[in-house]
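The primary structure of each chain is shown beneath.
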Amino acid sequence: MADNQLMERAEHVLYKTYNRFPVVFDHGKGVMLYDTEGNEYLDFGAGIAVMALGYGDEEYTRAVEDQLHKLTHISNLFYNQPSIEAGEKLLEVSQMDKVFFTNSGTEAIEGALKIAKRCHYNMLRQSMGDGSDGCEDVEMDLTGEIIAMNHSFHGRSLGALSVTGNAHYQEPFKPLVPGIRFADFNDLKSVEALINDKTCAVIMETIQGEGGIYPASEAFIKGVRRLCDEHGLLLILDEIQCGMGRSGKMFAWQHYGVKPDVMTVAKALGNGLPIGAFLACGKAAGAMVPGDHGTTYGGNPLVTAGAKAVLDIFEERRIVDHVKETGAYLSGKLDQVVEKYAVVKERRGMGLIQGLELTGPATPVVTAALLEQKLVLISAGTNIIRFVPPLVIGKADVDEMVKRLEAAIDSAYGK
Ligand SMILES: *Cc1c(COP(=O)(O)O)cnc(C)c1O
């Protein structure tokens, strides 16, 4: 058993917005985690798709350690070298034009939404003629509408929550940002039906993560791109969970032959250091001007040194190719689990972001995996077991995981 006293103290001090599993993790090595009692766990959750390089990677640790001794923070009133280098690398792999570093995924979404609003505002002003110094003298509705998807997840700040298609998350915090309309993911007609002259952007995950691991269909994402082009809307793709190599391409949209105007990343970008980013290309890259947006910590030299190390290591070790190979292996093994168990309905996903949909709740399996099998898994929605391991796992880790997963399913649902 884990340290009961620590858990009791936690419940006294930490604001209760989570029901935590009864394990206190202490350290990690590679794809293994260790609790305070010394038990070893195989990790297929990666701290929610964050720990791409696993735990204790030497090259990454050295890069962060070096920067820790040099300079951790200076603010965005000055330049710092790691943020420039991390930014250059990120633009190179994303084919975007500009990047803004944030401290989290939800903040990256806030920035993306502000770009959409700013573009809409710029367009309205332009349509009034360049001589106008604003909309003050004319009665004008500035609301730019944004189309988001049902069952999406974009974060917990009020803007990101406003585009998160989950009534349960939204209800207690209304009113939220106005002008958000929800379409159905992978249903192009439902998007088209919501477009009017106020619409300024469409936001969606390329692969829905929290909603249950639903990849966009090719017809859908290409259709949304076409609608955005026809109506002058920005396409915002949220790659916070599915990006950074996890799908088997650096960014999941690169599978489809479409390109977003704005995209967001976070999770794996810092391999555990809190960093996110929004990136933009074309007119979206120039929409905001000095004074429009800012952050005290965002892009500080410590976290960007970490992100730069992650991007360097991705290149040196060909991590994305490794994901392609290991992801195909994992898919094959999970398909066998679907065949074998009546309670397992289907597999969905790409690369190393996979889900198994059950006919019943996932929590009993996830709990049995953790406590009985020492296998860290996470769920998505109520019925889906999510597999988002460190990207550096090997085939032997997949084999071991499947063994423990099957034992956990047996334990939770019977043989
Ligand atoms: C996790 C996640 C977010 C929010 O990121 P935080 O760092 O938790 O704020 C946004 N979008 C997607 C797709 C995510 O998976």
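Remember, it's a predicted structure, so these values are computed and weren't measured experimentally. (Residues numbered from 1 in each chain as written. Predicted model: local features only at pLDDT ≥ 70, side-chain atom pairs only at ≥ 80, totals over all residues. Heavy atoms only, no water.)

K.L.:
How should the UniProt feature "binding site: pyridoxal 5'-phosphate" (unreviewed entry) in the protein be read in this particular structure?
P.N.:
Mapped onto this structure's residue numbering, the UniProt feature "binding site: pyridoxal 5'-phosphate" (unreviewed entry) falls at Gly 105, Thr 106, Phe 153, Asp 238, Glu 239, Ile 240, Gln 241 and Thr 296. Taking the farthest pair of C-alpha atoms as the criterion, the annotated set spanning 192 residues is dispersed, since that pair is 25.5 Å apart. Excluding residues that lie within four positions of it along the chain, Asp 238 makes contacts with Ile 109, Phe 153, His 154, Met 204, Glu 205, Thr 206 and Thr 264. Within polar-contact distance, the side chain of Asp 238 engages the side chain of His 154 at 2.8 Å. Structurally, the position occupied by Gln 241 is in the loop between strand S10 (234-238) and strand S11 (262-265). (UniProt positions renumbered as here; feature names shortened; annotations may be inferred. Contact = heavy atoms within 4.5 Å. Polar contact = N/O pair within 3.5 Å; in protein donor to acceptor, adjacent residues only side chain to side chain. Helix = DSSP H or I, 4+ residues; strand = E, 2+ residues; numbered from the N terminus.)

K.L.:
Explain the UniProt feature "binding site: N(2)-acetyl-L-ornithine" (unreviewed entry) in the protein here, please?
P.N.:
Per the UniProt record, the feature "binding site: N(2)-acetyl-L-ornithine" (unreviewed entry) sits at Arg 156 and Thr 295. As for its placement among the helices and strands, Arg 156 is situated in the loop between strand S5 (145-149) and helix H6 (158-162). According to the relative accessible area criterion, Arg 156 is exposed, its value standing at 53%. Here Arg 156 is in contact with Thr 106, Leu 161 and Tyr 169, once residues within four sequence places are set aside. Examined against the element boundaries, Thr 295 turns out to sit in the loop between strand S12 (276-280) and helix H10 (301-316). Setting aside anything within four residues of it in sequence, one finds Thr 295 in contact with Asn 76, Phe 100, Phe 101 and Asn 103. Looking at Thr 295, its side chain comes within polar contact range of the side chain of Asn 103, at 3.4 Å. (Buried < 20%, exposed > 50% of the residue type's maximum accessible area, 1.4 Å probe, protein only.)

K.L.:
Even after reading the chapter, I still don't get the domain arrangement of the protein, so can you show me in this structure?
P.N.:
Size of an interface, as often reported, equals the accessible area lost when the parts are brought together. If you check the domain split of the protein, you get domain 1 (4-56 + 319-413) and domain 2 (71-316). Averaged C-alpha coordinates put domain 1 and domain 2 at centres separated by 28 Å. Facing the 28 residues of domain 1 at the interface are 25 residues of domain 2. When domain 1 packs against domain 2, close to 2,200 Å² is buried across both sides, 65% of that on carbon and sulfur atoms. Together, Leu 53, Met 350 and Ile 353 form the three largest contributors to the area buried by domain 1 at its contact with domain 2, with a combined 28%. The interface formed by domain 1 and domain 2 holds 1 salt bridge in total. (Domains from an automatic or database assignment. Buried area = accessible area lost by both parts, 1.4 Å probe. Salt bridge = Lys/Arg side-chain N within 4 Å of Asp/Glu carboxyl O.)

K.L.:
Any chance you could explain the packing of aromatic side chains here in plain terms?
P.N.:
Given two aromatic rings, their pairing is described by the distance between the two centres and the angle made by the two planes. A full pass over the atoms with the stated rule returns 4 aromatic pairs. Ring centres of Phe 185 and Phe 220 lie 5.5 Å apart, and the angle between their planes is 70 degrees; on these two criteria the pair is classed as edge-to-face. Taken together, the residues span a long stretch of sequence, with Phe 185 in the loop between strand S6 (180-183) and helix H8 (188-192) and Phe 220 in helix H9 (residues 218-231) at a distance of 35 residues. On the basis of relative accessibility, which here comes to 14%, the residue Phe 185 falls in the buried class. Just above the ring of Tyr 169 sits the side chain of Arg 156; from NZ or CZ to the centre is 4.1 Å. (Phe/Tyr/Trp six-rings, centres within 6.5 Å; stacked < 30°, edge-to-face > 60°. Lys NZ or Arg CZ within 6 Å of the ring centre and 35° of its normal.)

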